[in-house]
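Commentary on secondary and tertiary structure
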Amino acid sequence: MTTAATTEDARMPARPLMAGKRGLVMGVANDRSIAWAIARSVHAHGGEVALTYQGEALKKRVGPLAEQIGCDAVLPCDVTDTASLDSVFDTLGERWGRLDFVVHAIAYSDKEQLKGRYLETTAENFNATMAISCYSFTAVCQRAHRLMSQGGSLLTMSYMGAERVMPHYNVMGVAKAALEASVRYLAEDLGRQKIRVNALSAGPIKTLAASGIGDFRYILRWNQHNSPLRRNVTLDEVGGAGLYLLSDLSTGVTGEVHYVDCGYNIVGMLAPDAAGPIREMLESFAPSRPDAG
Ligand code: NAD
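Please read all numbers here as calculations on a predicted model, not as lab measurements.

Turning next to the overall build of the protein. Of the regular secondary structure elements, the protein holds 9 helices and 7 strands. Against the globule reference of 19 Å for 293 residues, the protein gives a C-alpha radius of gyration of 20 Å, in line with a compact fold. By its C-alpha atoms, the protein is 60 × 50 × 40 Å across when sized along the principal axes. Within the protein, the fraction of its 293 residues that count as buried is 50%. Taking contacts inside the protein between residues at least 6 apart in sequence as the whole, the part at least 24 apart equals 77%. Working note: accessible area of the protein is about 14300 Å², and carbon and sulfur atoms make up 53% of it. The distance from the centre of the 29 positive side-chain charges to the centre of the 31 negative ones in the protein is 2 Å.

Okay, the site of the ligand next. In the region of the ligand, 29 residues are neighbours, and Gly 27, Ser 33, Gln 54, Ile 205 and Thr 207 sit closest. A distance of 3.4 Å separates an oxygen atom of the ligand from a polar atom in the backbone of Ile 106. Between the ligand and Ile 205, the relevant distance is 2.8 Å, taken from an oxygen atom to a main-chain nitrogen or oxygen of the residue. Contact with the protein chains removes 93% of the 810 Å² of surface that the ligand exposes when unbound. Placement of the ligand is best described as lying within the largest pocket. Its residues assigned to classes, the shell around the ligand comprises 20 nonpolar, 7 polar and 2 charged.

Vacant regions in the atomic arrangement are exposed by a probe of water-molecule size rolled over the atoms. The full count for this structure, using the stated rule, is 1 cavity of 30 Å³ or more. By volume, the largest cavity is sized at about 40 Å³. Its residues assigned to classes, the lining of the largest cavity shows 6 nonpolar, 3 polar and 1 charged.

All right, on to the nonpolar core then. Of all hydrophobic cores here, the largest spans 39 residues; its most connected members are Val 25, Leu 51, Leu 200 and Val 238. If near-sequence neighbours (up to four positions away) are discounted, Leu 200 is found in contact with Leu 155, Thr 156, Met 157, Ser 158, Val 238, Ala 241, Gly 242, Leu 245, His 258 and Val 260. Membership of the second largest hydrophobic core comes to 34 residues, among which are Leu 75, Cys 141, Leu 154 and Ile 195.

Turning our eyes to something else, we now look at the packing of helix H2 (residues 34-44) against helix H8 (residues 235-246). Here H2 crosses H8 at 60 degrees, and the two axes come no closer than 8 Å. Of the possible angle classes, the one that applies to H2 and H8 is oblique. As for the relative orientation of H2 and H8, their crossing is right-handed in sense. Contacts from Ile 34, Ala 37, Ile 38, Arg 40, Ser 41 and Val 42 in H2 reach Leu 235, Asp 236, Val 238, Gly 239, Gly 240, Gly 242, Leu 243 and Leu 246 in H8. Split by residue class, the contact of H2 with H8 holds 8 nonpolar, 4 polar and 2 charged.

In this structure, the largest pocket occupies an estimated 1100 Å³ of space. What lines the largest pocket is a set of 41 residues, among which Ala 105, Ile 106, Ala 107, Ala 209 and Ala 210 lie closest to the centre. Within the residue set of the lining of the largest pocket, elements represented by two or more residues are H2, strand S2 (48-53), strand S5 (152-158), helix H6 (170-190) and helix H7 (216-226). For the lining of the largest pocket, the per-class residue count stands at 27 nonpolar, 11 polar and 3 charged.

Take the sheet that holds strand S1 (residues 22-26) next. Taken in spatial order, the 7 strands line up as S3-S2-S1-S4-S5-S6-S7 in an open sheet, and their pairing is parallel. Edge positions in the sheet fall to strand S3 (74-76) and strand S7 (257-260), since each of these pairs with one other strand and no more. Each strand of the sheet is rotated relative to its neighbour by a mean of 20 degrees, with strand direction disregarded. Alignment of S5 against strand S6 (residues 195-202), held across 7 bridges, turns out to be parallel. Looking at the pairing, Thr 156 lines up with Ala 199 of S6. Along the sheet, H8 makes contact with strand S4 (101-104), S5, S6 and S7, crossing S6 at roughly 165 degrees.

Right, let's get into the pairing of S2. Of all 6 residues making up S2, 5 are buried, and the element is well covered by its neighbours. In this fold, S1 hands off to H2, which returns the chain to S2; that crossover is right-handed. Across 3 bridges, the pairing between S2 and S3 is parallel. Each residue of the ladder has a partner; that of Thr 52, found in S3, is Leu 75. As a crossover connection, the stretch from S2 through helix H3 (residues 56-68) into S3 is right-handed.

Take the packing of H7 against helix H9 (residues 275-283) next. At a minimum axis separation of 10 Å, H7 and H9 run at an interaxial angle of 165 degrees. Taken together, the axes of H7 and H9 are roughly antiparallel relative to one another. Once H7 is placed against H9, the crossing between them reads as right-handed. Along its contact with H7, which presents Tyr 218, Arg 221, Trp 222, His 225 and Asn 226, the element H9 presents Pro 277, Ile 278, Met 281 and Leu 282. Here the residues of the contact of H7 with H9 are counted per class, giving 6 nonpolar, 2 polar and 1 charged.

What counts as what
- Residues numbered from 1 in each chain as written.
- Predicted model: local features only at pLDDT ≥ 70, side-chain atom pairs only at ≥ 80, totals over all residues.
- Heavy atoms only, no water.
- Helix = DSSP H or I, 4+ residues; strand = E, 2+ residues; numbered from the N terminus.
- Rg over C-alpha atoms; globule rule 2.2 N^0.38 Å.
- Buried < 20%, exposed > 50% of the residue type's maximum accessible area, 1.4 Å probe, protein only.
- Contact = heavy atoms within 4.5 Å.
- Areas by Shrake-Rupley, 256 points an atom, 1.4 Å probe, with all protein chains shown as cover.
- Lys, Arg positive; Asp, Glu negative; His and termini not counted.
- Charge placed at Lys NZ, Arg CZ, Asp CG, Glu CD.
- Near = heavy atom within 4 Å.
- Polar contact = N/O pair within 3.5 Å; in protein donor to acceptor, adjacent residues only side chain to side chain.
- 1 Å grid on protein atoms, 1.4 Å probe; cavity = no way out; pocket = protein on both sides within 12 Å on 5 of 7 lines; lining within 4 Å.
- Sits in = over half its atoms within 2 Å of the grid points.
- Nonpolar A, V, L, I, M, F, W, Y, C, P; charged D, E, K, R; others polar.
- Points joined across faces, edges and corners; volume = space filled by probe spheres on them.
- Core = buried A, V, L, I, M, F, W, Y, C linked by side-chain atoms within 4.5 Å.
- Axes fitted to C-alpha atoms, helices over the stretch in contact; angles between N-to-C directions.
- Parallel < 35°, antiparallel > 145°, perpendicular 65-115°, else oblique.
- Left-handed = near helix turned anticlockwise from the far one by under 90°.
- Pairing = 2+ DSSP bridges.
- Right-handed = clockwise from strand over helix to strand, strands pointing away.

Given below as structure tokens:
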């Protein structure tokens, strides 16, 4: 292989992976947010990032983080407010003229319904969960694709509770299943415009959103002892996988749900060497709400 061929190879870029790319990252609440891990990773590889925040309370946290990555486009956006969504994309259109990537790392459900049984889900919370955690990604894609004149990458965040039953994940699992299905339909709709649409399915990570899920520490410990890598995934690892899906390293990948969970999704049953630590964990474990019969 000649030197020229090597530098032309997208896997060995001669300049930073995200150089010249501009995009929006939605869903930073604090420095533990998955959105922040991806934003940081994109910035470290030469990309330019705009951020959104939900409401004034989070602005105080997001502002200083934005400074760390040289981001001066920090825009308010509540996805339940169509005007605020329109305003974000209008502003970026005026400012940059085009977008190369968008990260959607947004989810919400009433935490009272993220414990106990799915059966108890109310219509009101079902609709709110679906609107914020699933439909908002489609709403974002509708606006983003118009700015992706040279193609692009749209990325959302999922969890294995979309495919299998996880304790307390309940209506959020239903919303993530719909989100993953929408990724496939959006990938087909936008593929001809060279726009890729993917989901990253992360293993459990202690974040603000995760703290609303009943017995989340139990889920963390279970994954830690039973994933093939025998640990939980780190924020940096999710940031790195996000970078891959946003960059030209993944130009052949669309409509995919990419697991970044230390391999837990392939596991069929409790690992024998996990039996000891799991027994220990169960001895001190009292469920947050024992299921009603
Ligand atoms: P987080 O609390 O840091 O982020 C959730 C974000 O959603 C917050 O920034 C919040 O402001 C935003 N949000 C909620 N309602 C909104 C609305 N109406 N308008 C605009 N923004 C709104 O938690 P996180 O864990 O980083 O969550 C990011 C994504 O990752 C979510 O989709 C979550 O389901 C997913 N995910 C998390 C885990 C985990 O274990 N933490 C695992 C897999 C997937």
